[in-house]
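Read off the chains here:
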Amino acid sequence: MKLKPVQRYWLYFVLFLSGVHMMRDIFQDSGIINVLSSVFVKQSGYRLPYPWRSGVTYAIAALEIVLAMYCLKKNRFATIGTITVLIFVFSILSWSYYYFFL
């Protein structure tokens, strides 16, 4: 089944958001201070150790980009497209828990 317009928009949204998120992480890890690198950064309280702070977010962003590009290339949403939604929801929930409760 071909991609519906909503599914196509979702995949482009995931590509855009993951790309921006990866650029943000690169700026933060490089010590470059700008609007992108300072938005939604937890300033105090519990901070995850370095490998978990950066490595996991790079992997998640890269995985989202690869899966979204695969779906767009194959012109099918199916299971892979659903996985992009689940990864996104899990990431938002995990970040919210970390940011607001830890």
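Provided above is the structure to which this section pertains.
Residues numbered from 1 in each chain as written. Predicted model: local features only at pLDDT ≥ 70, side-chain atom pairs only at ≥ 80, totals over all residues. Heavy atoms only, no water.

A few words on the packing of aromatic side chains. For the coordinates displayed, the defined rule picks out five aromatic pairs. Here the aromatic rings of Trp10 and Phe13 are separated by 5.7 Å at their centres, their planes lie at 40°, and the arrangement is tilted. One end of the pair, Trp10, and the other, Phe13, are both in helix 1 (residues 5-30), three residues apart, so they sit about a helical turn from each other. Aromatic pair Tyr97 and Phe101: ring centres 5.8 Å apart, planes at 40°, arrangement tilted. On the criterion of helical spacing, the pair formed by Tyr97 and Phe101 is a turn pair, its members being four residues apart in helix 4 (residues 78-101). Judged by relative accessible area, which is 48%, Tyr97 ranks as partly exposed. Connected via pairs of aromatic rings, a cluster forms that spans Trp10, Phe13 and Phe88. (Phe/Tyr/Trp six-rings, centres within 6.5 Å; stacked < 30°, edge-to-face > 60°. Helix = DSSP H or I, 4+ residues; strand = E, 2+ residues; numbered from the N terminus. Buried < 20%, exposed > 50% of the residue type's maximum accessible area, 1.4 Å probe, protein only.)

Before going further, it helps to spend a moment on a nonpolar patch on the surface. A surface patch of nonpolar side chains, amounting to about 890 Å² of accessible area, comprises Val35, Val39, Phe40, Trp95, Tyr97, Phe100, Phe101 and Leu102. With four residues, helix 4 is the largest single contributor of residues to the nonpolar patch. Along the polypeptide, Trp95 turns up in helix 4. (Patch = residues over 30% accessible without salt bridge, like charges linked within 9 Å, V, L, I, M, F, W, Y side chains within 5 Å. Areas by Shrake-Rupley, 256 points an atom, 1.4 Å probe, with all protein chains shown as cover. Salt bridge = Lys/Arg side-chain N within 4 Å of Asp/Glu carboxyl O.)

Across soluble globular proteins, nonpolar side chains have a tendency to be buried as a group. Residues Leu3, Trp10, Leu11, Val14, Ala68, Cys71, Leu72 and Phe77 constitute the largest nonpolar core, which totals eight residues. At the level of secondary structure, the elements contributing two or more residues to this core comprise helix 1 and helix 3 (50-74). In this structure Leu11 touches Leu3, Ala68, Cys71, Leu72, Phe77 and Thr84, once residues within four positions along its chain are discounted. (Core = buried A, V, L, I, M, F, W, Y, C linked by side-chain atoms within 4.5 Å. Contact = heavy atoms within 4.5 Å.)

What follows is about the environment of Leu72. Among the secondary structure elements, Leu72 is positioned in helix 3. Taking the C-alpha atoms as reference points, Leu72 and Arg8, separated by 64 residues in sequence, lie 7.2 Å from one another.

All right, on to unusual backbone geometry then. Negative phi characterises most residues that are not glycine, and trans characterises most peptide bonds. With a phi angle near 60°, Asn75 is a residue other than glycine that sits in the positive phi range. Among the secondary structure elements, Asn75 is positioned in the loop between helix 3 and helix 4. Non-glycine residue Ala78 carries a positive phi angle of around 40°. Residue placement: Ala78 occurs in helix 4. Look at Ala78 and you get partly exposed, because its relative accessible area is 41%.

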